[in-house]
Amino acid sequence: PAISDPGEELVARWAAAGGVVIPIPGASAVIAAISATGIAGPRWTFEGFLPRSGRERHERLARIAADERGAVLYEAPGRLAATLRDLVRGCGGDRRAAVCRELTKLHEQIVRGSLDELAASAADGTIHSRGEVVVVIGSTASPRPGPEGSPHAEVAAVALSEARAEVERLVADGAGRAEAARRVAAATGLRRRDLYQRGKPE
C-alpha cells in the first residue's frame, strides 16, 4: 500500500485511529522486482505509472533515458506493449530491462532482455497481457561482463554456449533460426544477435 496504490489513505486513517500498521516482506512489488532482476544497479528511481499520453509522457520518458540510474515502472497489462515500444524509442533498443508479471503469485513471470526483445515478446504474446506488471530498466552505469580470460567472462561464455545449443535444438525441431534466437533471448536475457550467430560471441 501507498506505492502507486490507493491503500495509502486506508493506512493513514487506520494509523490516525490508533491502529497498528505492520509491514511484511513482499508488500512492495518494487522491491521484489529489484531483487529478482538484478539489473537496476545500486541507485534507481521509482517512476510509478507513466502518464498515458502527451507532452508529460514524452518528458518523463526523456528523463528516464537520460538518467544513468535504473528505473522501475508500474504498467497496466493492456498498455505494456505500447510502453515498451516507447521505451525502445526513448532509451534505445539495446538497453537492458526486465518485465515482471504477477510477482509472488501463482503465475509469476520474469522476462529479461533488451528493450527491443521485450517489446517483441509483449507484441507476440510471449509476455502475457494479464496481471500486475513491473518494468525494470537497467542502469547504464552497472558493470558489463569482464574481459576475455576473467572468471566472469568464462561463466558468460559457458552460458552463451549453452544458450546457442538450445537455439540449435529448436532449429532442429523445426523453428526458424530468428524465432529460436528470440525465444532463447527472452528466457535468458542474452542478446538475440549473439544467439543468432553460430560463431564466437562479440
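Residues numbered from 1 in each chain as written. Predicted model: local features only at pLDDT ≥ 70, side-chain atom pairs only at ≥ 80, totals over all residues. Heavy atoms only, no water.

Some words on the pattern of salt bridges
Consideration 1: In the structure shown here, the tally under the stated rule is 15 salt bridges.
Consideration 2: Arginine 55 is the salt-bridge partner of glutamate 59, the closest N and O atoms lying 2.7 Å from each other. On the criterion of helical spacing, the pair formed by glutamate 59 and arginine 55 is a turn pair, its members being 4 residues apart in helix α3 (residues 54-66).
Consideration 3: Under the relative-accessibility criterion, arginine 55 is labelled exposed at 66%.
Consideration 4: Here aspartate 86 and arginine 57 are joined by a salt bridge, their closest N and O atoms 2.9 Å apart. Taken as a pair, aspartate 86 in helix α4 (residues 80-91) and arginine 57 in helix α3 lie far apart in primary sequence, 29 residues in all.
Consideration 5: When its relative accessible area of 8% is taken as the criterion, arginine 57 is described as buried.
Consideration 6: One network of salt bridges, in which partners are shared, links Asp124, Glu179, Arg182 and Arg183. (Salt bridge = Lys/Arg side-chain N within 4 Å of Asp/Glu carboxyl O. Helix = DSSP H or I, 4+ residues; strand = E, 2+ residues; numbered from the N terminus. Buried < 20%, exposed > 50% of the residue type's maximum accessible area, 1.4 Å probe, protein only.)

A few points about unusual backbone geometry
Consideration 1: Despite not being glycine, glutamate 102 shows a phi value in the positive range, around 55°.
Consideration 2: Looking at the secondary structure, you find glutamate 102 in the loop between β3 (96-101) and β4 (109-114).
Consideration 3: For glutamate 102, a relative accessible area of 16% translates into the label buried.

Comments concerning the nonpolar core
Consideration 1: With 22 residues, the main nonpolar core has Leu80, Leu84, Leu87, Val99 and Val135 as its most contacted residues.
Consideration 2: Where this core is concerned, the elements lending two or more residues are α3, β2 (70-75), α4, β3, α5 (115-124) and β5 (133-137).
Consideration 3: Element by element, the count of residues in this core is highest for α4, at 5 residues.
Consideration 4: In this structure leucine 80 touches Glu75, Val99, Ala122, Ile127, Val133 and Val135, once residues within four positions along its chain are discounted. (Core = buried A, V, L, I, M, F, W, Y, C linked by side-chain atoms within 4.5 Å. Contact = heavy atoms within 4.5 Å.)

Description of the packing of α3 against α4
Consideration 1: For the pair α3 and α4, the least separation of the axes is 9 Å and the interaxial angle reads 55°. When the axis of α3 is compared with that of α4, the two are oblique. The chirality of how α3 crosses α4 is right-handed. For the pair α3 and α4, contact is made by Arg57, Leu61, Ile64 and Ala65 and by Ala82, Thr83, Asp86, Leu87, Gly90 and Cys91, respectively. (Axes fitted to C-alpha atoms, helices over the stretch in contact; angles between N-to-C directions. Parallel < 35°, antiparallel > 145°, perpendicular 65-115°, else oblique. Left-handed = near helix turned anticlockwise from the far one by under 90°.)

A look at the side chain of glutamate 117
Consideration 1: Relative to the helices and strands, glutamate 117 resides in helix α5.
Consideration 2: Classification of glutamate 117 by relative accessible area gives buried; the value is 5%.

Let's talk about the packing of aromatic side chains
Consideration 1: On inspection of all chains with the given rule, the structure shows 2 aromatic pairs.
Consideration 2: Ring geometry for phenylalanine 46 against tyrosine 74: centres 5.2 Å apart, planes inclined by 75°, an arrangement best described as edge-to-face. Of the two residues, phenylalanine 46 sits in strand β1 (residues 44-49) while tyrosine 74 sits in strand β2, which places them 28 residues apart along the sequence.
Consideration 3: On the basis of relative accessibility, which here comes to 31%, the residue phenylalanine 46 falls in the partly exposed class.
Consideration 4: Residue classification places tyrosine 74 among the buried residues on the basis of a relative accessible area of 11%.
Consideration 5: Taking the centre distance of 5.7 Å and the plane angle of 65° together, the rings of phenylalanine 49 and tyrosine 74 count as edge-to-face. With a gap of 25 residues between them, phenylalanine 49 in strand β1 and tyrosine 74 in strand β2 connect regions that are remote in the sequence.
Consideration 6: For phenylalanine 49, a relative accessible area of 39% translates into the label partly exposed.
Consideration 7: Ring pairing ties together the aromatic residues Phe46, Phe49 and Tyr74, which thus form one cluster. (Phe/Tyr/Trp six-rings, centres within 6.5 Å; stacked < 30°, edge-to-face > 60°.)

Quick look at the sheet that holds β5
Consideration 1: Taken in spatial order, the 5 strands of this open sheet run β1-β2-β5-β3-β4, and their pairing is mixed. On the outer flanks of this sheet lie β1 and β4, each paired with one strand and no other. Mean inter-strand twist for the sheet, computed between neighbouring axes without regard to direction, equals 15°.
Consideration 2: In this structure, β3 lies alongside β5, joined through 5 bridges in antiparallel fashion. Of the residues in β5, the one forming a bridge with cysteine 100 is valine 134.
Consideration 3: Relative to the sheet, α3 contacts β1, β2 and β5, its axis offset from that of β1 by approximately 160°.
Consideration 4: Along the sheet face, α5 touches β3 and β4 and points at about 135° away from the line of β4. (Pairing = 2+ DSSP bridges.)

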